[in-house]
Amino acid sequence: MDADTMMGTELQGLRRRRPEVAGTVLAGTDGLLISSDLPATDATHLAALAAASFGLGHRVADTVRQGEFRESVLRTASGAVVTYPAGRNALLTLVADGAADLEALHADARAVARRTGSVLDTRRPVGVTPVPEAHAPLAPRTSGGALPRRAVHHTWRRPPI
């Protein structure tokens, strides 16, 4: 079974086991859509928003030094949107209805995120950028070489009055 079929099977299996899940999106940490069962426009937007949410959550977790990012949960009036890291460069985002038992959903979704993430990590990443360490030292800047100075020639003269 190829990786794309495996990921589709994993997402469909999650939806079958968890009827409270209304949709799933698998996206890169750069916000590019990998796989989804939502309408294309919604999936593309949700992939980008999930990456932004992950970036913020990852940064907060690193800043407070309370361990690594595990999930981001957004509760709405009629449900929830939950984002999990899936390997080094991907995210699994679920849209769940209001009846969802999030604790039970977390265990199942984390397992799916682990399996799909391991498959994605073995593939050659295309367009996926890893999240940099928040407190890593900055890369040294180079001077770029000295640019030659240009001689300044003034050719403009004030017109006579």
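Residues numbered from 1 in each chain as written. Predicted model: local features only at pLDDT ≥ 70, side-chain atom pairs only at ≥ 80, totals over all residues. Heavy atoms only, no water.

How two aromatic rings sit relative to each other is given by the distance of their centres and the angle of their planes. The tally for this structure, following the rule as stated, stands at one aromatic pair. Pairing Phe54 with Phe69 gives two aromatic rings, centres 5.0 Å apart and planes at 85°, and the pair type is edge-to-face. With a gap of 15 residues between them, Phe54 in helix α2 (residues 40-64) and Phe69 in the loop between α2 and β3 (72-76) connect regions that are remote in the sequence. Accessibility assignment for this pair places Phe54 and Phe69 in one class, buried. (Phe/Tyr/Trp six-rings, centres within 6.5 Å; stacked < 30°, edge-to-face > 60°. Helix = DSSP H or I, 4+ residues; strand = E, 2+ residues; numbered from the N terminus. Buried < 20%, exposed > 50% of the residue type's maximum accessible area, 1.4 Å probe, protein only.)

Turning next to helix α3 (residues 102-122). With 21 residues, α3 extends 29 Å between its outermost C-alpha atoms, agreeing within 8% with the 30 Å of an ideal straight helix rising 1.5 Å per residue. Within the sequence span of α3, burial applies to Leu102, Leu105, His106, Asp108, Ala109, Ala111, Val112, Ala113, Thr116, Gly117, Val119 and Leu120. (Expected span 1.5 Å × (residues − 1).)

As a further point, take a nonpolar patch on the surface. A cluster of nonpolar side chains, namely Leu56, Val60 and Val64, defines an oily patch on the protein surface of about 270 Å² accessible area. Among the structural elements, Val60 can be located in helix α2. (Patch = residues over 30% accessible without salt bridge, like charges linked within 9 Å, V, L, I, M, F, W, Y side chains within 5 Å. Areas by Shrake-Rupley, 256 points an atom, 1.4 Å probe, with all protein chains shown as cover. Salt bridge = Lys/Arg side-chain N within 4 Å of Asp/Glu carboxyl O.)

Time to look at the sheet that holds strand β5 (residues 90-97). Read from one edge of the open sheet, five strands run β2-β1-β5-β4-β3, paired in antiparallel fashion. Of all the strands in the sheet, the pair left with one neighbour each is β2 (33-36) and β3. The sheet shows a mean angle of 15° between the axes of neighbouring strands, taken without regard to direction. Pairing between strand β4 (residues 79-85) and β5: seven bridges, direction antiparallel. The partner of Pro85 across the bridge, within β5, is Leu91. Contacting β1 (21-28), β2, β3, β4 and β5, α3 crosses the sheet at an angle of about 35° to β4. (Pairing = 2+ DSSP bridges. Axes fitted to C-alpha atoms, helices over the stretch in contact; angles between N-to-C directions. Contact = heavy atoms within 4.5 Å.)

Purely geometric numbers; function is a separate question.
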